[in-house]
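Coordinate inspection notes
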Amino acid sequence: MNEFDLIAKYFTRPTPDVDLGVGDDAALISVSAGHQLAISVDMLVAGRHFFADADPERLGHKCLAVNLSDMAAMGAKPTWFTLSLALPEMNEPWLAAFSRGMFALADQFGVPLIGGDTTRGPLSISIQIAGEVPKGAALLRSGALVGDDIWVSGPLGAAAAAVMHRTGRVELPAAIALRCDLRLDLPTPRVALGQALRGLANSAMDISDGLLGDLAHICEQSQVMAIIDFNKVPQAIELNSLNSILVAEASLAGGDDYELCFTASPANRAEIETLGSALSTPLFRVGSIATFDANQPMVQVIDTQGQRMNLAFSGFDHFK
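Residues numbered from 1 in each chain as written. Predicted model: local features only at pLDDT ≥ 70, side-chain atom pairs only at ≥ 80, totals over all residues. Heavy atoms only, no water.

If you look the protein chain up in an unreviewed UniProt entry, it shows as Thiamine-monophosphate kinase from Deefgea tanakiae. UniProt, in the comment section headed Pathway (unreviewed entry), describes the protein chain in these words: "Cofactor biosynthesis; thiamine diphosphate biosynthesis; thiamine diphosphate from thiamine phosphate: step 1/1." Turning to the protein chain, the UniProt record has this under Function (unreviewed entry): "Catalyzes the ATP-dependent phosphorylation of thiamine-monophosphate (TMP) to form thiamine-pyrophosphate (TPP), the active form of vitamin B1." (UniProt positions renumbered as here; feature names shortened; annotations may be inferred.)

Here it is in structure tokens:
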């Protein structure tokens, strides 16, 4: 099987809502009137972003889910994606499972694959995704305002606990490890929530590298400071078997949750709480935005006594 046979067999499907999809030098698409095109790309490399022996069907799901999460964070409706795939060898069972997992999630969100590239090399996956958002309505990192509430969707830390377990830092009970693996391998992109937050939230970002690290990006772009109440941070029940230090690390700095962190005016609290119920997505108010102070940490976490916690971690860094 050559490169073109591979593409035809595993990655070519009808794309009726696209002007021109897989099979030519480039795809052709049209953008809805009055909308902006939101574009994002993520690369996942074996041994860095996922374990080399990862289940290929779950990996297919995750590589698209992390990109859908970027669209959610912008408040955009996903419209299409492209795939670049480097493979160490031609492995048809792996390809069949990978494409099955990827397309199952693509079908769930109605997002077609419209092109890409394949080559031989160390296993790596790069997806570029695009979405549409009404002009001027996108959720940005730069919109946080002093006095805003800080919210997160869903409990945090289970995916990080799975990584701790797989790397031997902790030993989780078998049933707990399986549940953590599901959070790590099969994240749920909060696409509906992101779109519903347009007009309610002032800023947003998805939690891929840990709450502290990602919230710091919002603060940097908005030139504000964040105060997090650790007691209000939603911790996954799977963390109950860990010691307090690891619980704090997993829930505050653990990556791979792909929940949304957003800020909004206190005047919108009731509407946001109602939204969470309507979408069956738990939303938690975990802190507030404060005036920037160059002499203070940009993101601070306070304990139950209102004292600032001195933490030895912040968030995932790709070059550490």
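Continuing now.
1. Brief notes about the pattern of salt bridges
Applying the stated criterion across every chain, the model contains 12 salt bridges. Between R269 and D149 there is a salt bridge; the shortest N-O distance is 2.7 Å. Of this pair, R269 sits in helix 9 (residues 269-278) while D149 sits in strand 5 (residues 149-153), and the two are 120 residues apart along the sequence. For R269, a relative accessible area of 29% puts it in the partly exposed group. (Salt bridge = Lys/Arg side-chain N within 4 Å of Asp/Glu carboxyl O. Helix = DSSP H or I, 4+ residues; strand = E, 2+ residues; numbered from the N terminus. Buried < 20%, exposed > 50% of the residue type's maximum accessible area, 1.4 Å probe, protein only.)

2. Brief notes about the environment of L252
The topology assignment puts L252 in helix 8 (residues 244-253). Each C-alpha atom, one on L252 and one on F230, is 8.5 Å from the other, the two residues being 22 residues apart in sequence.

3. Here's the deal with the UniProt feature "binding site: ATP" (unreviewed entry) in the protein chain
Per the UniProt record, the feature "binding site: ATP" (unreviewed entry) sits at G116, D117, R141 and S208. Spanning 93 residues, the named residues do not form one spatial group; their C-alpha atoms are separated by as much as 31.0 Å. Within the secondary structure, G116 sits in strand 3 (residues 113-120). Judged by relative accessible area, G116 falls into the exposed class, the value being 53%. Setting aside residues up to four positions removed in sequence, G116 forms contacts with T82 and L83. Classification of D117 as partly exposed rests on a relative accessible area of 41%. Beyond its immediate chain neighbours, meaning those up to four positions away, D117 contacts E3, L83, S84 and L85. (Contact = heavy atoms within 4.5 Å.)

4. Points about the packing of helix 2 (residues 56-74) against helix 3 (residues 92-109)
Closest axis-to-axis distance for the helix 2/helix 3 pair is 6 Å, and the angle between their directions is 40°. Crossing angle aside, the handedness with which helix 2 passes helix 3 is right-handed. Contacts between helix 2 and helix 3 pair P56, E57, L59, G60, H61, C63, L64, A65 and L68 from the former with W94, A97, F98, R100, G101, M102, L105, A106 and F109 from the latter. Residue composition of the contact of helix 2 with helix 3, by class: 13 nonpolar, three polar and two charged. (Axes fitted to C-alpha atoms, helices over the stretch in contact; angles between N-to-C directions. Left-handed = near helix turned anticlockwise from the far one by under 90°. Nonpolar A, V, L, I, M, F, W, Y, C, P; charged D, E, K, R; others polar.)

5. Some points on the UniProt feature "binding site: Mg(2+) 1" (unreviewed entry) in the protein chain
On the UniProt side, "binding site: Mg(2+) 1" (unreviewed entry) is annotated at positions that read D42 and D117 here. With respect to the helices and strands, D42 occurs in strand 1 (residues 35-45). Judged by relative accessible area, which is 24%, D42 ranks as partly exposed. With near-sequence residues (within four places) excluded, D42 lies in contact with V66, N67, D70, I125, S126 and I127. Within the secondary structure, D117 is located in strand 3.

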